[in-house]
Amino acid sequence: MQNLPVFIRLQNRPVILLGDGDAADAKRRILERAGAEIVDEDETAALAVVALDDGEAAKAAVERLKARGILVNAVDRPSLCDFTLPAIVDRDPVIVAIGTGGASAGMAKSLRQRLEQMLPARLGAIARRLRDKRPDIKAKWPDGDARRRAIDAALDEGGPLDPLVPHVPRDVDSWIEGDDDAPAGKDQFEIVQLRSADPHDLTIGETLLLGRADTLYLAPGVPQTISNRGRADAQRVNVSDVPDDPAPGLSVYVTVTPVE
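All values reported here derive from a predicted model rather than from experimental measurement. As a convention, each chain's residues are numbered from 1 in the sequence order in which they are written. Selection of residues for local features in this predicted model requires a pLDDT of at least 70, selection of side-chain atom pairs for listing and counting requires 80 or more, and totals for whole chains, interfaces and linings are taken over all residues. Side-chain calculation: all heavy atoms of the structure are included, whereas hydrogens and water are not.

**Student:** Tell me about the nonpolar core, and please be specific about residues and values.
**Tutor:** In this structure, Leu194, Leu210, Leu216, Val222, Ile226, Val252 and Val254 are the most contacted members of the largest nonpolar core, which totals 17 residues. The helix and strand labels rest on DSSP assignments: H or I over at least four residues marks a helix, E over at least two residues marks a strand, and numbering proceeds from the N terminus. Counting only elements with at least two residues in this core, the list comes to helix 8 (204–212), strand 8 (215–218) and strand 10 (250–255). With 4 residues, strand 10 is the largest single contributor of residues to this core. Non-local contacts of Val222, meaning those with residues more than four positions away in its chain, are made with Leu194, Val254, Thr255 and Val256. What makes a nonpolar core is a set of buried Ala, Val, Leu, Ile, Met, Phe, Trp, Tyr and Cys residues whose side-chain atoms join them at distances within 4.5 Å. Here the term buried applies to any residue with accessible area under 20% of the maximum for its type, exposed to any over 50%, and partly exposed to those in between, with areas from a 1.4 Å probe on protein chains only. Of all hydrophobic cores here, the second largest spans 15 residues; its members include Ala45, Val62, Ile70 and Cys81. Residue contacts are defined here by distance: any two heavy atoms, one from each residue, within 4.5 Å place the two residues in contact.

**Student:** Please provide a residue-by-residue account of the pairing of strand 8, values included.
**Tutor:** Alternating positions in strand 8 separate into two faces, Thr215 and Tyr217 on one and Leu216 and Leu218 on the other, with burial throughout. Here, any two strands with at least 2 DSSP bridges between them count as paired. One ladder, built from 4 bridges, connects strand 8 with strand 9 (residues 235–238); its direction is parallel. The partner of Tyr217 across the bridge, within strand 9, is Val237. Pairing analysis gives 4 bridges linking strand 8 to strand 10, with the strands arranged parallel.

**Student:** Please provide a residue-by-residue account of a negative patch on the surface, values included.
**Tutor:** Patches were defined on residues exceeding 30% relative accessible area and lacking a salt bridge, with like-charge contacts within 9 Å and nonpolar side-chain contacts (Val, Leu, Ile, Met, Phe, Trp, Tyr) within 5 Å. Areas reported as accessible are Shrake-Rupley estimates using a 1.4 Å probe. Residue values count occlusion only from the protein chains shown. Any Lys or Arg side-chain nitrogen located within 4 Å of an Asp or Glu carboxyl oxygen qualifies as a salt bridge. Charged residues are defined here as Lys and Arg on the positive side and Asp and Glu on the negative side; His and the ends of the chain fall outside this count. Lys charges are placed at NZ, Arg charges at CZ, Asp charges at CG and Glu charges at CD. Residues Asp20, Asp22, Asp25, Asp53, Asp54, Glu56, Glu63 and Asp76 make up a contiguous surface patch of negative charge. Residue assignment for the negative patch shows that the elements contributing at least two residues are helix 1 (22–33) and helix 2 (55–67). Positionally, Asp25 belongs in helix 1.

**Student:** Which residues make up the packing of helix 4 (residues 123–132) against helix 7 (residues 170–177), and what are the values?
**Tutor:** Orientation is described by axes fitted as lines to C-alpha atoms, over the contacting stretch for helices, and by angles from 0 to 180 degrees between their N-to-C directions. Between helix 4 and helix 7, whose axes approach to 8 Å, the crossing angle comes to 45°. When the interaxial angle is binned, helix 4 and helix 7 end up oblique. In this structure, helix 4 crosses over helix 7, and the sense of that crossing is right-handed. Contacts between helix 4 and helix 7 involve Ile126, Arg129 and Leu130 from the first element and Val172, Asp173 and Trp175 from the second. Gly is put with the polar residues, along with every residue not named as nonpolar or charged; the nonpolar set is Ala, Val, Leu, Ile, Met, Phe, Trp, Tyr, Cys and Pro, and the charged set is Asp, Glu, Lys and Arg. Class assignment for the residues of the contact of helix 4 with helix 7 results in 4 nonpolar, no polar and 2 charged. Should an angle fall under 35 degrees it is called roughly parallel, over 145 degrees roughly antiparallel, and 65 to 115 degrees roughly perpendicular, with every other angle called oblique. With the far helix as reference, a near helix turned anticlockwise by less than a right angle produces a left-handed crossing, and one turned clockwise produces a right-handed crossing.

**Student:** Which residues make up a nonpolar patch on the surface, and what are the values?
**Tutor:** A contiguous nonpolar patch, built from Met1, Leu4, Val6 and Ile8 and spanning about 510 Å² of accessible area, is present on the exposed surface. For Val6, the location among the structural elements is in the segment before strand 1 (14–18).

**Student:** With reference to specific residues and values, describe the sheet that holds strand 2 (residues 37–39).
**Tutor:** With respect to topology, 4 strands assemble into an open sheet ordered 2-1-3-4, the strand pairing being parallel. The open sheet terminates on both sides in strands that have one partner only, identified here as strand 2 and strand 4 (71–74). Adjacent strand axes in the sheet meet at a mean angle of 30°, parallel and antiparallel pairs treated alike. Across 3 bridges, the pairing between strand 1 and strand 2 is parallel. For Ile16, the partnering residue across the bridge sits in strand 2 and is Val39. Against the sheet, helix 1 makes contact with strand 1, strand 2, strand 3 (47–50) and strand 4, and its axis sits at roughly 170° relative to strand 1, the strand it touches most. Along the sheet face, helix 2 touches strand 1, strand 3 and strand 4 and points at about 175° away from the line of strand 3.

**Student:** Explain the pairing of strand 5 (residues 87–91) to me, using residue names and the numbers behind them.
**Tutor:** Burial along strand 5 is one-sided: Ala87, Val89 and Arg91 are buried, while Ile88 and Asp90, pointing the other way, are not. Strand direction decides the pairing type here: strand 5 and strand 6 (residues 94–98), joined by 5 bridges, are antiparallel. The residue of strand 6 that forms the bridge with Arg91 is Val94. Taking the residues that link successive antiparallel strands as the turn, the strand 5-strand 6 hairpin has 2 residues.

**Student:** Any chance you could break down the pattern of salt bridges for me, citing the residues and the numbers?
**Tutor:** Under the counting rule described, the total for this entry stands at 16 salt bridges. The residue Asp156 makes a salt bridge to Arg212 at a minimum N-O spacing of 3.2 Å. Of this pair, Asp156 sits in the loop between helix 6 (144–155) and helix 7 while Arg212 sits in helix 8, placing them 56 residues apart in sequence. Residue classification places Asp156 among the partly exposed residues on the basis of a relative accessible area of 25%. Since its relative accessible area comes to 39%, Arg212 is described here as partly exposed. Among the salt bridges present, the one from Arg231 reaches Asp214, with a minimum N-O distance of 3.7 Å. Residue Arg231 is located in the loop between helix 9 (224–227) and strand 9, and its partner Asp214 is located in the loop between helix 8 and strand 8; the two are separated by 17 residues in the primary sequence. A cluster of three or more residues bridged by salt bridges with shared partners is formed by Asp145, Arg148, Asp152, Asp214, Arg231 and Asp233.

Functional significance is not addressed by these values, which are geometric in nature.
In structure tokens form, the structure reads like this:
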């Protein structure tokens, strides 16, 4: 990754905005939606947005701000940016941010428009209900690993809380109160044999397995680009062969050679 995506709380915090016109107005709107206080250049702030049409003026402003230790976004000048502002799909508190590192704002916008059609309007309400019901979820599944697998199963495609299917908040209650003999998901072991070191050669099914795995068993020669497709909190174990006793939950053995 060339950039680390982060979500920053800006409520009542100062952000410098320089410029006039449509570009500056657009940045002002998004910053104000996030609760930021827009201030002038001589104020103290951690972030700044420079939306000046004149290239030399913009470069000079960026240099002044960076000299003060301020992180800067320069509109339409990715080489001057410390950070970029993504296209956003807002289902508060669910926020989907699409960035291209300044390569193509048009592509980010196109992806946002498609995701707007895919994500149900009540998605945020479901997320809030899951937050409010966290004590009940912990009470039903006190073991952390079991709880995570139960939530994963509920949110999986076709699950009772599939996020791409419209739901109402009471569906969360029904899921918690439901009588499910295997709410935490069964132990599962899968094998992914790579065809190349390029993660784009993974099938959709293989990508889903890597992204859902609790434990990734990595055979010799598996590149980090493939390992990175797993969850950040998934256990990664370097092995020389297929594991004899896989860990609980979903375990995926990744190899570059055929498994006999």
